[in-house]
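# Structural description and commentary
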Amino acid sequence: MKAEIQRSEKLNTLGELAASIAHEVRNPLTVVKGFLQLMKKENKDDHTQYIPLVLSELGRAEAIINDYLNFAKPEFKKIEECQLSDIIYEVLFLMEPLALKQGVQLDIDLDTRCTIKTDRNQLKQAIVNFVKNAIEATDDGGMVSIKLTNHPQYARLSVKDTGKGMTPEQVKRIGTLFYTTKDKGTGLGTTVSLRIIESIGGRVKYESKLEVGTEVTVFLPIIEPTVELVSGN
Ligand code: ADP
Ligand code: MG
């Protein structure tokens with residue numbers, strides 16, 4: 001199953017997103033409030049039975065806010081020339097503990113030099129989401145391969161996992177706001193990543209097969225590195 005994500009279909013404007021996110025955070029808060037009211041009414045000393053539920057709902061609200069804040073930062077953009085492989089190495093450094101915990105091996109091939117113009121923190125955020133999803137989809141003993149290749153006009157980053165894969169229907173839904181199949185997922189990560197990649201003129205392709213794995217390919221426009229001209233005398 002191949003799918004190229006069309007921004008117009010999947011991504012909302014910032015204003016629409018803010019409204020949806022406010023709504024999504026309100027749900028867990030309403031649940032927590034309900035439990036607190038119940039505890040008050042019951043007037044018992046021991047309310048420990050509610051604590052896991054309250055914590056889990058608050059955790060969800062917190063995760064949504066964290067993901068959204070990463071998303072809502074573009075005002076502070078700093079566009080500069082960067083080496084794509086450096087950015088990816090920084091991402092992998094961040095993701096290593098998660099891979100270790102999940103028993104997933106990272107296979108890294110980043111020997112290609114590609115200069116791109118971007119806000120490095122934003123691009124890092126986008127790539128973190130792809131790598132994190134790949135690791136989360138993969139069981140103990142599996143592998144996530146990250147490979148960078150250079151083409152005349154673009155850089156191609158492939159994040160390929162041997163994880164659980166997706167059905168064609170699931171691939172279609174990827175990038176839809178709040179679409180998640182995880183217990184503790186927010187369904188914000190891919191929306192954020194796609195929006196960031198779009199904003200730097202790139203695009204993203206998903207190929208996935210159930211029980212086999214997923215490959216996310218990110219195409220990014222490259223630039224010729226600026227050559228410092230030194231007077232030759
Ligand atoms: P979250 O990770 O919080 O669920 P995302 O927007 O990052 O939200 O991902 C949305 C959904 O897309 C995931 O819940 C998962 O079902 C699916 N998905 C994304 N990447 C992969 C992958 N590499 N393999 C399998 N499923 C994936
Ligand atoms: Mg995610």
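Residues numbered from 1 in each chain as written. Chains lettered and ligands numbered in written order. Predicted model: local features only at pLDDT ≥ 70, side-chain atom pairs only at ≥ 80, totals over all residues. Heavy atoms only, no water.

Among the 17 residues in the neighbourhood of ligand 1, the closest are listed as Asn133, Thr180, Thr181, Lys182 and Thr186. Here an oxygen atom of ligand 1 sits 2.8 Å away from a polar atom, N or O, in the side chain of asparagine 133. Burial of ligand 1 by the protein chains amounts to 94% of its free accessible area of 540 Å². For ligand 1, the cavity whose grid points lie within 2 Å of the majority of its atoms is the largest pocket. Listed by contribution, the elements that provide at least two residues to the shell around ligand 1 are helix 5 (120–137) and helix 7 (189–199). It is helix 5 that provides the largest number of residues to the shell around ligand 1, a total of 3 residues. (Near = heavy atom within 4 Å. Polar contact = N/O pair within 3.5 Å; in protein donor to acceptor, adjacent residues only side chain to side chain. Areas by Shrake-Rupley, 256 points an atom, 1.4 Å probe, with all protein chains shown as cover. 1 Å grid on protein atoms, 1.4 Å probe; cavity = no way out; pocket = protein on both sides within 12 Å on 5 of 7 lines; lining within 4 Å. Sits in = over half its atoms within 2 Å of the grid points. Helix = DSSP H or I, 4+ residues; strand = E, 2+ residues; numbered from the N terminus.)

It is worth spelling out the packing of aromatic side chains at this point. A full pass over the atoms with the stated rule returns 2 aromatic pairs. On the basis of an interplanar angle of 45° and a centroid distance of 5.4 Å, the ring pair of phenylalanine 35 and tyrosine 50 is categorised as tilted. You can see phenylalanine 35 sitting in helix 2 (residues 14–42) and its partner tyrosine 50 sitting in the loop between helix 2 and helix 3 (51–71), a full 15 residues away along the chain. Of the two residues, phenylalanine 35 and tyrosine 50, both sit in the buried class. Note on tyrosine 154 and phenylalanine 219: the rings are 5.5 Å apart at their centroids and 70° apart in plane angle, and the pair reads as edge-to-face. (Phe/Tyr/Trp six-rings, centres within 6.5 Å; stacked < 30°, edge-to-face > 60°. Buried < 20%, exposed > 50% of the residue type's maximum accessible area, 1.4 Å probe, protein only.)

Let us now look at the state of the cysteines. Going through the model one piece at a time under the given rule, you end up with 0 disulfides. Free cysteine: cysteine 82, not disulfide-bonded; nearest cysteine sulfur from cysteine 114 at 12 Å. (Disulfide = S-S within 2.5 Å.)

A few words on the confidence of the model for the protein chain. Overall, the prediction assigns the protein chain a mean pLDDT of 86, with 86% of residues at 70 or greater. Least confident of the elements in the protein chain is helix 1 (residues 7–10), whose mean pLDDT is 47; most confident is strand 8 (residues 213–221), at 98. Scoring the predicted complex yields pTM 0.81 and, for the interface, ipTM 0.99. (pLDDT = per-residue confidence, 0-100.)

Taken as a whole, this structure holds 2 cavities of 30 Å³ or more when the rule is applied. The calculated volume of the second largest cavity comes to roughly 30 Å³. Residue lining of the second largest cavity: Ile116, Lys117, Thr118, Ile200, Leu220 and Pro221, and that is the complete set. For the lining of the second largest cavity, the secondary-structure elements that each account for two or more residues are strand 4 (115–118) and strand 8. The leading source of residues in the lining of the second largest cavity is strand 4, at 3 residues. Tallied by class, residues from the lining of the second largest cavity come to 4 nonpolar, 1 polar and 1 charged. (Points joined across faces, edges and corners; volume = space filled by probe spheres on them. Nonpolar A, V, L, I, M, F, W, Y, C, P; charged D, E, K, R; others polar.)

So, on to the layout of surface pockets. One number sums up the size of the largest pocket: a volume of about 880 Å³. What lines the largest pocket is a set of 40 residues, and nearest its centre among them are Asn133, Glu136, Thr180, Lys182 and Thr190. Secondary structure elements with two or more residues in the lining of the largest pocket: helix 3, helix 5, strand 6 (154–161), helix 7 and strand 8. Per-class residue counts for the lining of the largest pocket are 14 nonpolar, 18 polar and 8 charged.

Attention shifts here to the nonpolar core. Leu84, Ile88 and Leu123 are the most contacted members of the largest nonpolar core, which totals 40 residues. Listing elements by their share of this core, those giving two or more residues are helix 4 (84–102), helix 5, strand 5 (143–150), strand 6, helix 7, strand 7 (203–209) and strand 8. Examining the composition of this core, we find that 8 residues originate from one element, helix 5, more than from any other. With sequence-adjacent residues up to four places away left out, leucine 123 is seen in contact with Leu84, Ile87, Ile116, Thr118, Ile196, Ile197, Ile200 and Leu220. (Core = buried A, V, L, I, M, F, W, Y, C linked by side-chain atoms within 4.5 Å. Contact = heavy atoms within 4.5 Å.)

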